[in-house]
Amino acid sequence: MPSRSLTAPRRIPQQKRGQRRVAGLLDAAAGVMAETGYQATTMCAIAERAGSSIGSLYQFFPNKEAVAEELRGQYVKELERLWATLAREAAALPAGDLVDRLIESQIRFAEAHPAFLALLDAPPTRNTLRRRELIRTRIARVILIRKPDMPRSKAFRSAAVVQQIVRGLLTLYARADKGEKSAMLEEFKAVLTGYLAPQW
């Protein structure tokens, strides 16, 4: 597993101009990864997509792993907000509607960030387990809002199952033909409703 020194940014810009440069580099990296996959992405391809020199890219990131780690961090923050929104809605929605909202929000996120799916193939880092646990905690909170008397151990176990189902959904949805995507969503809605409704 790569050490933090190998996956941390070299320099975090404080000035707005530097922050814009880094944002542009990350956008370029996301575009390349979404198109070619994580493994085929190179630092040269990222720099070329950004219209930047390779030296400028290395000024901020020591390697591709560090770029991927920064993107992962951004995506997890957005996923946290997504699950926080679901938690606020959880008590008021029927189980089927909540499952619909859950799946649709995940698909909107993946479509807005196609590199997220490519990063599922990236090697784990020291932050990977912590981030997975963070999202699992947010999912468990949604479950506990629906079922406050559920033991926490059961809620976290159910959250782990939901997490894996959602990961499977995103992977298969990304690979499905355009005409199959809608049917794929309905299948996963049935799976999640069948799993969660009896608990809620």
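Cut-off values and rules
- Residues numbered from 1 in each chain as written.
- Predicted model: local features only at pLDDT ≥ 70, side-chain atom pairs only at ≥ 80, totals over all residues.
- Heavy atoms only, no water.
- Axes fitted to C-alpha atoms, helices over the stretch in contact; angles between N-to-C directions.
- Helix = DSSP H or I, 4+ residues; strand = E, 2+ residues; numbered from the N terminus.
- Parallel < 35°, antiparallel > 145°, perpendicular 65-115°, else oblique.
- Left-handed = near helix turned anticlockwise from the far one by under 90°.
- Contact = heavy atoms within 4.5 Å.
- Nonpolar A, V, L, I, M, F, W, Y, C, P; charged D, E, K, R; others polar.
- Buried < 20%, exposed > 50% of the residue type's maximum accessible area, 1.4 Å probe, protein only.
- 1 Å grid on protein atoms, 1.4 Å probe; cavity = no way out; pocket = protein on both sides within 12 Å on 5 of 7 lines; lining within 4 Å.
- Points joined across faces, edges and corners; volume = space filled by probe spheres on them.
- Core = buried A, V, L, I, M, F, W, Y, C linked by side-chain atoms within 4.5 Å.
- pLDDT = per-residue confidence, 0-100.
- Patch = residues over 30% accessible without salt bridge, like charges linked within 9 Å, V, L, I, M, F, W, Y side chains within 5 Å.
- Areas by Shrake-Rupley, 256 points an atom, 1.4 Å probe, with all protein chains shown as cover.
- Salt bridge = Lys/Arg side-chain N within 4 Å of Asp/Glu carboxyl O.
- Lys, Arg positive; Asp, Glu negative; His and termini not counted.
- Charge placed at Lys NZ, Arg CZ, Asp CG, Glu CD.

Caption draft 1: A look at the packing of helix α5 (residues 64-90) against helix α6 (residues 95-112). Where α5 contacts α6, the axes come no closer than 11 Å and their chain directions differ by 160°. What the angle tells us is that α5 and α6 run roughly antiparallel. Pair α5 / α6 crosses with right-handed handedness. Residue-level contacts link Tyr75, Glu78, Leu79, Leu82, Trp83, Leu86, Glu89 and Ala90 of α5 to Leu98, Arg101, Leu102, Ser105, Gln106 and Phe109 of α6. Each residue belonging to the contact of α5 with α6 can be placed in one class, and the counts come to 9 nonpolar, 2 polar and 3 charged.

Caption draft 2: How the structure looks around the environment of aspartate 97. Along the chain, the position of aspartate 97 falls in helix α6. Taking relative accessible area as the criterion, aspartate 97 reaches 38% and is therefore assigned partly exposed. When the C-alpha positions of aspartate 97 and lysine 189 are compared, they lie 9.9 Å apart, and in sequence the two are 92 residues distant.

Caption draft 3: Layout of the layout of surface pockets. Looking at the largest pocket, its volume works out to about 550 Å³. Taken together, 22 residues form the lining of the largest pocket, with Phe116, Leu120, Arg132, Gln163 and Arg167 sitting closest to its centre. When residues of the lining of the largest pocket are traced back to their parent elements, those giving at least two are α5, α7 (115-119), α8 (128-146) and α9 (152-175). In the lining of the largest pocket, the residues fall into 14 nonpolar, 4 polar and 4 charged.

Caption draft 4: Broad picture of the nonpolar core. Ranked by size, the top nonpolar core spans 63 residues in total, and within it Met33, Phe61, Val67, Leu71, Trp83 and Ile103 carry the most contacts. In terms of residues, this core owes the most to one element, α5, which gives 12 residues. With near-sequence residues (within four places) excluded, valine 67 lies in contact with Leu26, Ala29, Met33, Met43, Ile46 and Phe61.

Caption draft 5: Highlighting the confidence of the model for the chain. With 92% of its residues at a pLDDT of at least 70, the chain reaches an overall mean of 89. Taken element by element, the predicted model of the chain shows its lowest mean pLDDT in helix α1 (residues 4-7) (51) and its highest in helix α3 (residues 43-50) (97).

Caption draft 6: Structural detail: a positive patch on the surface. Positive charge collects at one region of the surface, where Lys16, Arg17, Arg20 and Arg21 lie side by side. Along the chain, the position of arginine 21 falls in helix α2 (residues 16-36). The class for arginine 21 is partly exposed, based on a relative accessible area of 35%.

Caption draft 7: Structural view of the pattern of salt bridges. For the coordinates displayed, the defined rule picks out 9 salt bridges. Linking glutamate 35 and arginine 49 is a salt bridge whose minimum nitrogen-to-oxygen distance equals 2.8 Å. Taken together, the residues span a long stretch of sequence, with glutamate 35 in helix α2 and arginine 49 in helix α3 at a distance of 14 residues. Look at arginine 49 and you get partly exposed, because its relative accessible area is 40%. Linking arginine 138 and glutamate 80 is a salt bridge whose minimum nitrogen-to-oxygen distance equals 2.6 Å. Of the two residues, arginine 138 is situated in helix α8 and glutamate 80 in helix α5; the sequence distance between them amounts to 58 residues.

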